[in-house]
Amino acid sequence: MIFRVKLFGARIDPACEYCRHGQASQDGQMILCRNKGIVAPYYSCRKFFYCPLKRIPKPRPKLLEFSPEDFEL
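Read on for an overview of the structure.

Conventions adopted
- Residues numbered from 1 in each chain as written.
- Predicted model: local features only at pLDDT ≥ 70, side-chain atom pairs only at ≥ 80, totals over all residues.
- Heavy atoms only, no water.
- Helix = DSSP H or I, 4+ residues; strand = E, 2+ residues; numbered from the N terminus.
- Buried < 20%, exposed > 50% of the residue type's maximum accessible area, 1.4 Å probe, protein only.
- Contact = heavy atoms within 4.5 Å.
- Disulfide = S-S within 2.5 Å.
- Patch = residues over 30% accessible without salt bridge, like charges linked within 9 Å, V, L, I, M, F, W, Y side chains within 5 Å.
- Areas by Shrake-Rupley, 256 points an atom, 1.4 Å probe, with all protein chains shown as cover.
- Salt bridge = Lys/Arg side-chain N within 4 Å of Asp/Glu carboxyl O.
- Phe/Tyr/Trp six-rings, centres within 6.5 Å; stacked < 30°, edge-to-face > 60°.
- Lys NZ or Arg CZ within 6 Å of the ring centre and 35° of its normal.

### Brief notes about the overall build of the protein
Okay, step 1: Check the secondary structure of the protein and you find zero helices and three strands.
Okay, step 2: Along the chain direction, N to C, the helices and strands of the protein fall in the order β-β-β.
Okay, step 3: Buried residues in the protein amount to 18% of all 73 residues.
Okay, step 4: Sequence separation of 24 or more characterises 54% of the internal contacts of the protein that already satisfy a separation of 6 or more.

Here you go:
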């Protein structure tokens, strides 16, 4: 049995920002929905269909930089 890790977690809150029916407006502030018209990015309706390609992952934390002196005794 293979267990797959979900990329954004097991529970995904619906939002028009990453719905198949929504498209970002030119200014990037609102979402143009095929069903509801102009809506807020975190609005959701009954027609919500998750599109993972529209999700933007959180930035990775910066790695600490070590010098050779950090590893000396």
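### Let's talk about the state of the cysteines
Okay, step 1: As enumerated under the stated definition, the model contains zero disulfides in all.
Okay, step 2: The thiol of C45 is not disulfide-bonded; the next cysteine sulfur, from C33, is found 5.1 Å away.
Okay, step 3: We classify C45 as buried; its relative accessible area is 17%.
Okay, step 4: There is no disulfide at C51, and the cysteine sulfur nearest it, in C19, is 8.4 Å away.
Okay, step 5: Given the relative accessible area of 18%, C51 is considered buried.

### Some points on a nonpolar patch on the surface
Okay, step 1: A contiguous nonpolar patch, built from M30, L32 and I38 and spanning about 270 Å² of accessible area, is present on the exposed surface.
Okay, step 2: Secondary-structure assignment places L32 in strand β2 (residues 31–33).

### A word on the packing of aromatic side chains
Okay, step 1: Taken as a whole, this structure holds three aromatic pairs when the rule is applied.
Okay, step 2: On the numbers, 5.9 Å between centres and 80 degrees between planes, the contact of Y18 with Y50 is edge-to-face. Taken as a pair, Y18 in the segment before β1 (22–24) and Y50 in the segment after β3 (37–39) lie far apart in primary sequence, 32 residues in all.
Okay, step 3: Y18 gets classed as buried once you look at its relative accessible area, which sits at 9%.
Okay, step 4: We note R20 situated over the ring of F49; from NZ or CZ to the ring centre the distance is 4.0 Å.
Okay, step 5: The side chain of R55 reaches across the aromatic face of Y18, ending 4.3 Å from its centre.

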